[in-house]
Amino acid sequence: MTQRLSFMTKKNAGLDGLIAVESWIAKSFDPQLMTLVKLRVSQMNGCAYCLHMHRHEALKLGEAEDRMLLLDAWRESQLYTPRERAALAWAESLTRIAKTHAPDAVYEEARSVFSEDELLALSIGVAMINAWNRLAIGYRQQHPADRPRAAATPVAAQ
């Protein structure tokens, strides 16, 4: 897979705006929970680049490997708190909006554990990671393991 455009290296007011929103989210919502949400949404969207980046971010924030490995099966695991479960359910419903239309039951569950401001920040965070996934996938942002490695050139025997 060949990278189409290195969009993050372009000076662009639109990207600056996305980055500014990310800064606001970081101040407005629990960073560890938001990283968990970003991981789950990136799993759903199949974004290897974002999965790699947010996995490392989660580890720095103290997230456990087991919880990241089981994130795709969070409903079947007891490793997640009611607050995390509500955030993940809301994130999934917004990510699959065309199918789910953000059901009232999922909204009510999220609303029961988050303030209005938190729920708005969470929702904007979900919208943002979906946007980043679409940019990364659309422009074929490469996972570090997929980047071509410079082949070691053997020195010719003299």
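The structure under discussion appears in the preceding block.
Residues numbered from 1 in each chain as written. Predicted model: local features only at pLDDT ≥ 70, side-chain atom pairs only at ≥ 80, totals over all residues. Heavy atoms only, no water.

Moving on: the packing of aromatic side chains. Taken as a whole and assessed by the stated rule, the structure comprises two aromatic pairs. For the pair Phe29 and Phe114, a centre-to-centre distance of 5.7 Å together with 40 degrees between the ring planes defines the contact as tilted. Placement of the pair is Phe29 in the loop between helix 1 (13-28) and helix 2 (31-45) and Phe114 in the loop between helix 7 (104-113) and helix 8 (116-138), with a sequence separation of 85 residues. The same class applies to Phe29 and to Phe114, which are both buried. (Phe/Tyr/Trp six-rings, centres within 6.5 Å; stacked < 30°, edge-to-face > 60°. Helix = DSSP H or I, 4+ residues; strand = E, 2+ residues; numbered from the N terminus. Buried < 20%, exposed > 50% of the residue type's maximum accessible area, 1.4 Å probe, protein only.)

With 14 residues, helix 5 (residues 82-95) should reach 20 Å at 1.5 Å per residue; the first-to-last C-alpha distance of 20 Å fits that figure. Judged by how many residues are buried, helix 5 sits mostly within the fold: 11 of 14 residues are covered. Where helix 5 is buried, its residues contact helix 2, helix 4 (65-69), helix 6 (97-100), helix 7 and helix 8. (Expected span 1.5 Å × (residues − 1). Contact = heavy atoms within 4.5 Å.)

Nonpolar side chains collect at one region of the surface, where Leu69, Leu70 and Leu79 lie side by side and expose about 290 Å² of accessible area between them. Residue position: Leu79 is located in the loop between helix 4 and helix 5. (Patch = residues over 30% accessible without salt bridge, like charges linked within 9 Å, V, L, I, M, F, W, Y side chains within 5 Å. Areas by Shrake-Rupley, 256 points an atom, 1.4 Å probe, with all protein chains shown as cover. Salt bridge = Lys/Arg side-chain N within 4 Å of Asp/Glu carboxyl O.)

A separate point is the nonpolar core. Counting 34 residues, the largest nonpolar core has Phe29, Leu33, Val37, Trp90, Phe114 and Leu122 as the members making the most contacts within it. Residue assignment for this core shows that the elements contributing at least two residues are helix 1, helix 2, helix 3 (48-60), helix 5, helix 7 and helix 8. The leading source of residues in this core is helix 8, at eight residues. Leave out the neighbours within four places in its chain, and Leu122 touches Phe29, Met34, Val37, Ala87, Trp90 and Phe114. (Core = buried A, V, L, I, M, F, W, Y, C linked by side-chain atoms within 4.5 Å.)

Following the sequence through the fold, His54 ends up in helix 3. Those residues in contact with His54 that lie beyond four places of it in its chain are Thr35, Lys38, Leu39, Ser42 and Ile129.

Looking now at the pattern of salt bridges. What the rule picks out here adds up to nine salt bridges. The closest approach of N and O atoms between Lys38 and Glu22, which form a salt bridge, is 2.9 Å. You can see Lys38 sitting in helix 2 and its partner Glu22 sitting in helix 1, a full 16 residues away along the chain. Among the ionic pairs, Arg67 bridges to Glu84, the shortest N-O distance being 2.6 Å. Of this pair, Arg67 sits in helix 4 while Glu84 sits in helix 5, and the two are 17 residues apart along the sequence. By the burial criterion, Arg67 is buried, and Glu84 matches it. Overlapping salt bridges, with partners in common, bring together Arg40, Asp72, Arg75 and Glu92 in one network.

Honestly, it's all geometry; don't read function into it.
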